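Secondary and tertiary structure notes
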Amino acid sequence: MLRQQDVGHRIVVRRIVGIREGRPLFSDALGELVELSETHLTLATAQGPLRVPVAQVHRAKRVPPTRRPTAAAVVALERAADEAWPAPTRGRLGDWLLRSAEGWTGRANSALPVGDPDRPLPAAVDAVERWYADQGQPAMINTPLPLAAPVGAELDDRGWGSRPPTLVQTVPLPLAGPAATSVAVELATAPSEEWLAIAAGRKGGLPDAARHVLTAVEQVRFAHVYADGTLVATGRGTVTGEGRRWLGLSLIEVVPAARRQGLARRVIHALADWGVSAGATHAFLQVEQRNTAAVALYRTLGFTTHHTYLTRVAPH
């Protein structure tokens, strides 16, 4: 059977889908294992997320990847993503990054264990725990998979918990096809107060550190879409990475009353056009695997999963 070390890898699952004439009927599923618990496993398949109860699993095993990104490619993208979401309080542990932002978002308040921590792995995790204790907040580590699978195994042994898996998705630029609507999108170098209010509502507040995370990037744009003078859709784009290759998309939001009108797609297209003009060749975003509506939208724009990560949380 599968183990936590298989999370982030491509697997095939043979599951029981019914009974006919007293004999089980089987169906095979192929995809990336993004979550594994005592009760179920979740795959990212070509048709979308698939959740399978463990009781229905007949066999499951890891299979060779088709086009898995290299470790260097994962590291480069993770570094670009860190630049796009910069925590105001930072430290280093060899190549590992330590980040704190008054608890605002997991990405800005977790260690990024890519590269060499300049000490044995158990000592590195000990140092992470001490650093976050000094910040007065719980220790968290983002583990890109399968790159950081050894880190994940160490955290499993220590009883660390795990938040829902996140997909890091990418697409070449420019985006194919027109936007769904021609509504005007205003791109500004700073967010309006209305923009910040929507972000605060989505993220549960907006401490001073959050404003640093949002604005402390050299190349950044904030998308605003208005209807009858009211802000109804927002988004944020950054261009970071070596050679400013990556357009990072975040906080794509449409207020409930304006949804299903193609506004999110229009915001993404506007930010993508700006990203191309700023030198970006690819776009990336990070989306929770369980956010099926967003994953479906991004799939129609050509996004595919580059890799996944888990945010691991130290036990209390």
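The text that follows walks through the structure, step by step, so that each part is easy to find. (Residues numbered from 1 in each chain as written. Predicted model: local features only at pLDDT ≥ 70, side-chain atom pairs only at ≥ 80, totals over all residues. Heavy atoms only, no water.)

Leu247, Tyr298 and Phe303 are the most contacted members of the largest nonpolar core, which has 33 residues in total. Residue assignment for this core shows that the elements contributing at least two residues are strand 10 (166-172), strand 12 (220-227), strand 13 (230-240), strand 14 (246-254), helix 6 (263-277), strand 15 (282-288) and helix 7 (292-300). Once you skip the residues sitting within four places of it in the chain, Leu247 turns out to touch Leu173, Gly237, Thr238, Val239, Leu271, Ala272, Trp274, Gly275, Ala280, His282, Ala283 and Phe284. (Core = buried A, V, L, I, M, F, W, Y, C linked by side-chain atoms within 4.5 Å. Buried < 20%, exposed > 50% of the residue type's maximum accessible area, 1.4 Å probe, protein only. Helix = DSSP H or I, 4+ residues; strand = E, 2+ residues; numbered from the N terminus. Contact = heavy atoms within 4.5 Å.)

What follows deals with the pairing of strand 4 (residues 48-53). As paired strands, strand 3 (residues 40-45) and strand 4 are joined by six bridges and run antiparallel to one another. Paired with Leu41 across the two strands is Val52, which belongs to strand 4. Turn length for the strand 3-strand 4 hairpin, with the two strands adjacent in sequence and antiparallel, is two residues. (Pairing = 2+ DSSP bridges.)

The subject of this paragraph is the pattern of salt bridges. Applying the stated criterion across every chain, the model contains eleven salt bridges. For the salt bridge of Asp126 with Arg158, the shortest nitrogen-to-oxygen distance reads 2.9 Å. Here Arg158 lies in the loop between helix 3 (149-157) and strand 9 (161-162) and Asp126 lies in helix 2 (residues 121-135), a separation of 32 residues in the sequence. A single network of salt bridges, built from pairs that share partners, joins Asp126, Glu129, Glu154 and Arg158. (Salt bridge = Lys/Arg side-chain N within 4 Å of Asp/Glu carboxyl O.)

Moving on to the side chain of His307. With respect to the helices, strands and loops of the structure, His307 is situated in strand 16 (residues 304-313). His307 has contacts with Glu32, Val74, Leu77, Glu78, Pro144, Leu145, Thr166, Leu167 and Val168, leaving out every residue within four places of it along the chain.

This part is about helix 2. For helix 2, with 15 residues, the first-to-last C-alpha span of 21 Å sits near the 21 Å given by 1.5 Å per residue. Among the residues making up helix 2, those that are buried are Ala124, Val125, Ala127, Val128, Trp131 and Tyr132. End-on view of helix 2: buried residues confined to an arc of 155°, all on one side of the axis. Residues of helix 2 that are exposed and angled more than 90 degrees away from the buried face: Ala133 and Asp134. Summarising the contacts, the buried residues of helix 2 are in contact with strand 6 (89-93), strand 7 (96-100), strand 8 (140-145) and helix 3. Gly136 sits one or two residues past helix 2 and shows a positive phi near 75°. (Expected span 1.5 Å × (residues − 1). Arc of directions from axis to C-beta.)

What follows is about the pairing of strand 6. Summarising the sheet, strand 6 and strand 7 pair through five bridges and their orientation is antiparallel. Bridge pairing in strand 7 places Arg90 opposite Arg99. Between strand 6 and strand 7, which pair antiparallel and follow one another directly, the connecting turn spans two residues, one of which, Gly94, has a positive phi of 65°.

Summed over the entire model, instances satisfying the criterion amount to five aromatic pairs. Look at Trp85 and Trp104: their rings are 5.6 Å apart centre to centre, the planes differ by 15°, and that puts the pair in the stacked class. With Trp85 in the loop between helix 1 (71-84) and strand 6 and Trp104 in the loop between strand 7 and helix 2, this residue pair connects regions lying 19 residues apart in the sequence. Classification of Trp85 by relative accessible area gives buried; the value is 3%. Over the face of the ring belonging to Trp85 we find Arg107, whose NZ or CZ atom lies 4.2 Å from the ring centre. (Phe/Tyr/Trp six-rings, centres within 6.5 Å; stacked < 30°, edge-to-face > 60°. Lys NZ or Arg CZ within 6 Å of the ring centre and 35° of its normal.)

The residue Gly205 is located in the loop between helix 4 (193-203) and helix 5 (208-215) in this model. Assessed through its relative accessible area of 26%, Gly205 is described here as partly exposed. Between the C-alpha atoms of Gly205 and Phe284, which are 79 residues apart in sequence, the distance is 25 Å. For Gly205, the residues in contact, after removing those within four places along its chain, are Trp104 and Ala200.

What the five strands build is an open sheet, ordered 4-3-2-1-5; its pairing is antiparallel. Looking along the sheet, the strands with just one partner apiece sit at the ends: strand 4 and strand 5 (57-62). Ignoring strand direction, the axes of neighbouring strands in this sheet form an average angle of 35°. Both strand 1 (residues 10-20) and strand 2 (residues 23-36) contribute to a ladder of ten bridges, which runs antiparallel. Across the sheet, Arg14 pairs through a bridge with Asp28, a residue of strand 2. (Axes fitted to C-alpha atoms, helices over the stretch in contact; angles between N-to-C directions.)

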